[in-house]
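# Fold and geometry: a report
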Amino acid sequence: MRRRTLLAGLAASATAPAWAATGATHIAAAREPSGAYALFGLAMDATTVFRVPLPARGHAAAAHPMRSEAVAFARRPGTFALVLDCAGGTVTHRLTPPSRNRFQGHGAYTADGVYLLTTEAVHTTSEGRIGIWDSATWTRVDEIPSGGLGPHEILRLPSGGFAIANGGIRTDPSDGRRKMNLDTMRPNLTYLDNGRITETVALPGLAQASIRHLAAHGSTIAVALQWEGSPDRTVPLLMLHQRGQAPRLFEAGPDQPRMQGYAGSVAFSGNGQQCAITGPRGGLAPVFDVATGAVAKIMTRPDICGVAPAGPGLAFSDGTGGLLMPNGVRKHALAWDNHLIALAPTPSAASRSRRRRYRSERR
Amino acid sequence: MRLALAFCVLALPAMADIDAAVDDHILPRLADLSQATTALATAAETGCDALQDPFREAAEAWASAAHLMFGPGEDGGRASAIQFWPDARNATGRGLRLLAQQGAEAWTPEALARASVAARGLGALERAIFDGAAPCPLTQALTADLAATAAAIEAGRRDGFAATLRTASAEGNTRFLAPEEAEAALFTTLMTGLEFTATQRLGRPMGTFAEPRPLRAEMRRSGRSLANVTAALTALRDLAATLAEAPQTDAAFARAISLAEGLDDPVFAGVETTGGRLRVEALQTAVNETGRTANAEIGAALGVQAGFNRLDGD
């Protein structure tokens, strides 16, 4: 059964039009002037190259590593995710979590694109789960613990496994968003290898900083935080971590209070030398030098939230329509949603073989 | 034909005059702040006994310009170095005590520029001048540091940021991708200024009905709590007038300012009595109402929308 699935996955990736053919290097969801929502393909000159209508506001999207296919997730607590054929501009499948779970806004494909992993939480307890879906048939093949409460983002790592941001927050089942445990919350960063949790990292002294968004370059993981403690306290909102080492915290010096305790997204620059978090509340995005921890520059845009690697540097998007790409800057008549997603380059042969190990382990 | 033209004009969002806002509102207020803080530093050069009036004048200039701190004001925390407030953890008191203990080496403008922002600016100076919380040489250095910060903000605004505002949509201006964005930034400044006045300047001393917090009033040591509210409202009213023709907003400002002027409670000590609290609350309500009116009248005219991601919370 699993072998047939694998073959089907490879066949599809060989025949379906690849991302390159769409001209897109990034994707992002947005609200249009009519109030409708859509997912857009974006080029390096900040133009849009495709548009797929969405039925409601999304949060993030996961891009297939080869096929021009994306999965758009509803805002949490989500009861659906949509598989999109970006070249054709259509919704091809609708994913529904098991009735006791809710999607939490993010997902990630395995490097070979055969499986999709989705962050989910048990509706009544916020206990974190990772749903595993077969991307050829869109059947649900497995479910494993996320290692904490209220997982938000899951990220495929260049080294092989996955990182999971367990936000640590238990939410009220009646609306799925009201926070119930801010005094006792214990967020963590969980590493998943071959389907098993291999390392869990907590934030020393910052238990009320919810771990929500992730980025990776090489062996370094960047974590964006959202502070749930006293608003009178200014805390770091970016953590960098390498496996087996103590985390490093980054603060934007005197500009840190402008973040208002909230980082919306995080990304490394394409060359890995810089790491940015976005602060939509204060309309700024501090860009840190990874080696020294110093603030290299501060981008200022109202409602800035999306950030992604682009070329050697970074690209930004904001809720007022601004799209700042390496080869162009444009103001679209759109409100760009939280996240800007870089389409991964074709994975190397080495990482493909690692993926195969993941599959054999799971079989 | 004439009818069609009139329709076109009406249908376009009102365009705020960015040049007028820069030349008539922003730059003069920052120049006033620079002048008043320089005057305070000059007065301090001959001693620390007669600084109360120059301090109050600097505070008045600051309350009239504090809303203009986007751009060069906010870069590197310069605005916080002018006034670190609110200060729930008494960082100013602790920082000033530390500076006083460090001795003369720490009492130079150069050393202060590297000190915690909480221990600098008007908050520290108010304690030094009205409570005698600092030796005179430290007070003198604090006034020089304050004047330098205000001058740096004014220079940054005049030489760089004014041009950034005026050249919205020009090549290389990623801060403002269209003229509307410069207008929106000014409008945001107006709304933030009103919100700060309502929730902080008035809201902090009000506390809750069960637990009023008069000692949290802004600049209570110099007796400027209410005066700062009046100065801020007057300046924000002027900014609103440069953004759009907005008669309802102007009337709401007039009402709030007349309530402030009629309030005989300079440091909001009255919040501890029911009647006194109601009077401060009435002023707060009028400020909030001014914000709602400005949002509906000016925000709509400029086509500005509330934050899409800022309010998303995920």
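The name that an unreviewed UniProt entry assigns to chain B is Signal peptidase, with the source organism given as Jannaschia pagri. What UniProt states about chain B under its Subcellular location (unreviewed entry) heading is, verbatim, "Cell envelope".

As annotated in an unreviewed UniProt entry, chain A is DUF1513 domain-containing protein from Jannaschia pagri.

## Here we look at the overall build of chain A
Of the regular secondary structure elements, chain A holds three helices and 28 strands. The burial tally for chain A puts 58% of its 363 residues in the buried class. By sequence separation, contacts in chain A at least 24 residues apart represent 48% of the contacts at least 6 residues apart. When the accessible surface of chain A is split by element, carbon and sulfur atoms take 52% of a total near 13200 Å².

## Brief notes about the interface of chain B and chain A
Taken together, the contact pairs 20 residues of chain B with 38 residues of chain A. Both faces combined, the contact of chain B with chain A buries some 2300 Å², and carbon together with sulfur accounts for 46% of it. When the buried surface of chain B facing chain A is broken down by residue, Phe 308, Asn 309 and Asp 314 of chain B rank first, second and third, together holding 37% of it. Counting the contacts that link chain B with chain A gives two salt bridges. Residue Glu 181 of chain B is joined to Arg 301 of chain A by a salt bridge in which the shortest nitrogen-to-oxygen separation is 2.5 Å. Seen at the junction of chain B and chain A, the total is four residue pairs in polar contact (both at pLDDT 80 or more). Considering only residue class, the side of chain B that touches chain A consists of five nonpolar, seven polar and eight charged.

## Thoughts on the sheet that holds strand β25 (residues 313-318) of chain A
Residues and elements named next belong to chain A. On the basis of which strands lie adjacent, the open sheet formed by four strands has the order β24-β25-β26-β27 and antiparallel pairing. The open sheet has two free edges, formed respectively by β24 (304-310) and β27 (328-331), since each of these has just one partner strand. Put simply, the sheet's adjacent strands are angled 15° from each other on average, direction ignored. When β25 meets strand β26 (residues 322-325), the two strands line up antiparallel, connected through two bridges. Note on β26: the bridge partner recorded for Ser 317 is Leu 323.

## Describing the pairing of strand β9 (residues 115-122) of chain A
Residue and element names in this part refer to chain A. Most of β9 is tucked away: eight of the eight residues are buried. Judged by which residues are buried, β9 turns out to be covered on both faces: Tyr 115, Leu 117, Thr 119 and Ala 121 on one side and Leu 116, Thr 118, Glu 120 and Val 122 on the other are all buried. Of the pairings in the sheet, the one linking strand β8 (residues 101-109) to β9 comprises six bridges and is antiparallel in character. Note that in β9 the partner of Tyr 109 across the bridge is Leu 116. Remark: five residues form the turn of the hairpin made by β8 and β9, two consecutive strands paired antiparallel; Gly 113 in that turn has positive phi of roughly 75°. Bridge count between β9 and strand β10 (residues 127-134): seven bridges; the pairing is antiparallel. Residue pairing for β10: Leu 116 is matched across the bridge by Trp 133. What sits between β9 and β10 in their antiparallel hairpin is a turn of four residues, with Ser 126 showing a positive phi close to 65°.

## Things to note about the sheet that holds strand β28 (residues 335-342) of chain A
All names here are of chain A. Pairing is antiparallel in the open sheet, where four strands are placed in the order β3-β2-β1-β28. Two strands in the sheet have a free side with no partner beyond their single neighbour: β3 (48-54) and β28. Strand-to-strand twist of the sheet, defined as the mean angle between neighbouring strand axes without regard to direction, takes the value 20°. Both strand β1 (residues 26-31) and strand β2 (residues 37-42) contribute to a ladder of six bridges, which runs antiparallel. Bridging across to β2, His 26 finds its partner in Leu 42.

About the cut-offs
Residues numbered from 1 in each chain as written. Chains lettered and ligands numbered in written order. Predicted model: local features only at pLDDT ≥ 70, side-chain atom pairs only at ≥ 80, totals over all residues. Heavy atoms only, no water. UniProt positions renumbered as here; feature names shortened; annotations may be inferred. Helix = DSSP H or I, 4+ residues; strand = E, 2+ residues; numbered from the N terminus. Buried < 20%, exposed > 50% of the residue type's maximum accessible area, 1.4 Å probe, protein only. Contact = heavy atoms within 4.5 Å. Areas by Shrake-Rupley, 256 points an atom, 1.4 Å probe, with all protein chains shown as cover. Buried area = accessible area lost by both parts, 1.4 Å probe. Salt bridge = Lys/Arg side-chain N within 4 Å of Asp/Glu carboxyl O. Polar contact = N/O pair within 3.5 Å; in protein donor to acceptor, adjacent residues only side chain to side chain. Nonpolar A, V, L, I, M, F, W, Y, C, P; charged D, E, K, R; others polar. Pairing = 2+ DSSP bridges. Axes fitted to C-alpha atoms, helices over the stretch in contact; angles between N-to-C directions.

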